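What follows is each chain in one-letter form.
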Amino acid sequence: MSNLVTIFGGSGFVGRYIARRMAKEGWRVRVAVRNVNEAMHVKPYGVVGQVEPVFCNVRDDASVAAVTQGADAVVNCVGVLDEIGKNTFAAVQADGPQRIARIAADMGVTRLVHLSAIGADAQARSDYAKTKAAGEAGVLKHMPGAVILRPSIIFGPEDQFFNRFAGMARFGPILPVIGANTRFQPVYVDDVATAAVKGVLGQAQPGIYELGGPDVHTFRELMQQMLGIVRRRRLIINIPFWAARIMAAVFGLGRMLSLGLIKGPVTKDQVLNLAVDNVVADDAQGFDALGITPTAMEAVLPDYLWRFRPSGQYDAIKESAKNLKPE
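An account of the accompanying structure is given in this report. Predicted, not measured: the structure shown is a model, and the values here were computed from it.

The rules behind each value
Residues numbered from 1 in each chain as written. Predicted model: local features only at pLDDT ≥ 70, side-chain atom pairs only at ≥ 80, totals over all residues. Heavy atoms only, no water. Core = buried A, V, L, I, M, F, W, Y, C linked by side-chain atoms within 4.5 Å. Buried < 20%, exposed > 50% of the residue type's maximum accessible area, 1.4 Å probe, protein only. Contact = heavy atoms within 4.5 Å. Pairing = 2+ DSSP bridges. Helix = DSSP H or I, 4+ residues; strand = E, 2+ residues; numbered from the N terminus. Axes fitted to C-alpha atoms, helices over the stretch in contact; angles between N-to-C directions. Expected span 1.5 Å × (residues − 1).

### Brief notes about the nonpolar core
Moving on, step 1. Core analysis: the largest hydrophobic core is formed by 72 residues, its most contacted members being Phe162, Met223, Met226 and Leu305.
Moving on, step 2. Every residue in contact with methionine 226, bar those within four places of it in the chain, is listed here: Phe162, Phe165, Ala166, Leu175 and Leu305.
Moving on, step 3. Counting 22 residues, the second-largest nonpolar core is a separate cluster that includes Ala32, Phe89, Val92 and Ile103.

Next comes the structure, spelled out in structure tokens:
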């Protein structure tokens, strides 16, 4: 019988790519998620019964234990960009990973891959970064042989970065950004998945790997590249951090008074994160140590951002038609 891997958050942005690759490796894949009905898209990744979504709440010991039972390896992809209800940064990104690692170790699981983030730092100003660091510490406490991946901002067809700003570019002549000079090292989602699979298969040495693409760009430069791909001219306006903090505070108040019904475009914690460069450290091990050549943005972005062009899939045809000479 083939080996079994449990992927917490295996139907999400990164998790689904890991699930697909593990299925191709011949493993049985248990996709542990909060909403099984919204995870049915993972089932066709393998043959009938090979990839199965199951319910799990990473805040509960019994729930985590149930989906870890019988697994040969565990991957944790669960994380939040914004706190909603009981799914706080502390509960999901600090306590959750430690719970998964503790239970996996108790059940004799020998391999664990944990998806963290560049910028994880116990001394950081943002709760997101601090809880990411706490989650790493909790994992290593119980499974010191774990593989921890820290990607920079991740891009791919389902991303919430380029898709979000490309969507914003469809409306109005201005594209506002916070932290236009902050540097990022975008990494392709399937490259991150490949790194995770190497960890599951024992092809990566235990430790922390910082994952970034081949190029480093400022936020403004990334938006310029995106605008070029979607063929729109927009004035990129940098919102100063002091103004962004005021905006976040106002949106936060509105969210509190509306009991969460009103959600602003940015939170105070996200503003704090945007003030810090998100690039691979000079002394960090990364894709080179894993034998992976990272994919350039230029090779992927046009494949899914074309829908934001003025004429969508017909934009290239219309441009080509302009070059036709009347007889």
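### Observations regarding the sheet that holds strand β11 (residues 207-211)
Sheet strands line up and pair through hydrogen bonds in the backbone, either parallel or antiparallel.
Moving on, step 1. A sheet is described by the order of its strands in space; here 7 strands give the open sequence β3-β2-β1-β4-β5-β6-β11, paired in parallel fashion. If you trace the sheet from one side to the other, it starts and ends with β3 (51-55) and β11, each paired once. Within the sheet, the average angular offset between the axes of one strand and its neighbour, ignoring direction, is 20 degrees.
Moving on, step 2. Relative to strand β4 (residues 73-76), strand β1 (residues 4-8) runs parallel, the two sharing 4 bridges. Opposite phenylalanine 8, over in β4, you have asparagine 76 as the bridge partner.
Moving on, step 3. Across the sheet, helix α2 (residues 61-68) lies against β1, β2 (28-33), β3 and β4, angled at about 150 degrees from β1, the strand it touches most.
Moving on, step 4. Taken strand by strand, helix α4 (residues 127-142) contacts β5 (111-115), β6 (147-151) and β11, and its axis lies near 175 degrees from that of β5.

### A short note on helix α6 (residues 189-200)
Moving on, step 1. With 12 residues, α6 extends 17 Å from end C-alpha to end C-alpha; this agrees with the ideal 16 Å at 1.5 Å per step.
Moving on, step 2. Burial of α6 is extensive: 12 of the 12 residues sit out of reach of the surface.
Moving on, step 3. Considered for burial, the residues of α6 that qualify are Val189, Asp190, Asp191, Val192, Ala193, Thr194, Ala195, Ala196, Val197, Lys198, Gly199 and Val200.
Moving on, step 4. One or two steps after α6, the chain reaches glycine 202, where phi turns positive at roughly 80 degrees.

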